[in-house]
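Take a look at the letters that make up each chain.
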Amino acid sequence: MVWGFTLLELLIVISIIGILAGITLVSYPSVVKKAKLANAIKFSDNVRGSLQPDMVAWWKFDETVGTIAKDTWWNELHGTVYGGATWVEGIKGNALSFDGVNDYVSIGNLGSFYSNGTISFWMNPFVVENYRNPFTTKYNGGNSGIRFEENSAGTFGVVIGNDAGIYTAHNYLSLGLSTNIWYYVVLTWDATSNTTAGYLNGIQKFNEAHTLWPTTIPNVAIGVGYSTARFWKGL
């Protein structure tokens, strides 16, 4: 079955998987939308299964109370929940709901940047607004590191920048990001061949050259990104 890429095209060293937030599973009135969601869920299971031998961390967000988001993989890179993000029902299992004001999860320092890697996660935005960030490898680090971001035009993309903050952006959607819709986001990169590719709900959205790489993963955070003013607001 074709999912938009072969597993051999994923050069996997790091995988960060989790559902960002969710209050209830969204009700889709049309058969087409239900089929798309089912395909995205199966795609995410496929990706996770292929990554497991080299996985670094996996935050399921299956807790129901407390301020610790457990890494269920062997590195035990547990996160601390700040700002009152709430445990709710997600697309599969539980999730965290971020209010867009001060909620986030701090993971911290993961060490040196991986020359080959993948980050993947589910997200569901409450709003489509300027500069909401669901995930970053360098919280409050400006354009350094890897940061995912939406804007009010309905664009959703990823910014990858070197330690000096010089960056290139790659778009999953130029327009059309919608509220109350689940999206499964995958980013894979190869810093040796200077390439990066992105997939949204199992469909490849870009496969492009990239040369501006960070050297570390110093401050991983979920639900925030570029600065302390760019909090995620979504399911």
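See the structure above.
The model shown is predicted, which means the values in this text are computed figures rather than measured ones.

## Focus on the nonpolar core
In terms of nonpolar packing, the biggest core is built from 38 residues, with Ile-146, Phe-148, Tyr-172 and Leu-187 touching the most fellow members. Residue assignment for this core shows that the elements contributing at least two residues are strand 6 (94–99), strand 7 (104–108), strand 9 (116–123), strand 11 (145–150), strand 12 (156–161), strand 13 (167–173), strand 14 (183–190) and strand 18 (220–222). It is strand 14 that provides the largest number of residues to this core, a total of four residues. Setting aside chain neighbours within four positions, we find Phe-148 in contact with Ile-119, Phe-121, Arg-132, Asn-133, Pro-134, Phe-135, Phe-156, Gly-157, Val-158, Tyr-172, Val-185 and Leu-187. With seven residues, the next largest nonpolar core counts Trp-122, Trp-182, Ala-197 and Tyr-199 among its residues.

## Some thoughts on the sheet that holds strand 12
Reading across from one edge, 3-4-7-18-10-11-12-13 is the order of the eight strands in this open sheet, with antiparallel pairing throughout. Pairing within the sheet leaves two strands with one partner each, and these edge strands are strand 3 (68–69) and strand 13. With two bridges joining them, strand 10 (residues 132–136) and strand 18 adopt antiparallel strand pairing. Directly across from Thr-136, in strand 18, lies its bridge partner Ala-221.

## Examining the environment of Leu-212
When you line up the elements, Leu-212 lands in the loop between strand 16 (203–209) and strand 17 (216–217). Sequence spacing of Leu-212 and Asn-162 is 50 residues, and the spatial spacing of their C-alpha atoms is 5.1 Å. The residues touching Leu-212, leaving out its near neighbours within four places in the chain, are Ile-160, Gly-161, Asn-162, Ile-166, Tyr-167 and Thr-168.

## A short note on the packing of aromatic side chains
A full pass over the atoms with the stated rule returns 16 aromatic pairs. Geometrically, the ring pair formed by Tyr-82 and Tyr-104 is stacked, given 5.2 Å between the ring centres and 25° between the ring planes. With Tyr-82 in strand 4 (residues 79–82) and Tyr-104 in strand 7, this residue pair connects regions lying 22 residues apart in the sequence. Its relative accessible area of 16% is what places Tyr-104 among the buried residues. Members of the aromatic cluster, joined through ring pairs, are Phe-121, Phe-135, Phe-148, Phe-156, Tyr-172 and Phe-206. A cation over a ring is seen here: Arg-230 above Tyr-131, with NZ or CZ 4.5 Å from the ring centre. For the cation-ring pair, Arg-230 lies above Tyr-226, with the distance from its terminal atom to the ring centre recorded as 3.9 Å.

Rules used in this analysis
Residues numbered from 1 in each chain as written. Predicted model: local features only at pLDDT ≥ 70, side-chain atom pairs only at ≥ 80, totals over all residues. Heavy atoms only, no water. Core = buried A, V, L, I, M, F, W, Y, C linked by side-chain atoms within 4.5 Å. Buried < 20%, exposed > 50% of the residue type's maximum accessible area, 1.4 Å probe, protein only. Helix = DSSP H or I, 4+ residues; strand = E, 2+ residues; numbered from the N terminus. Contact = heavy atoms within 4.5 Å. Pairing = 2+ DSSP bridges. Phe/Tyr/Trp six-rings, centres within 6.5 Å; stacked < 30°, edge-to-face > 60°. Lys NZ or Arg CZ within 6 Å of the ring centre and 35° of its normal.

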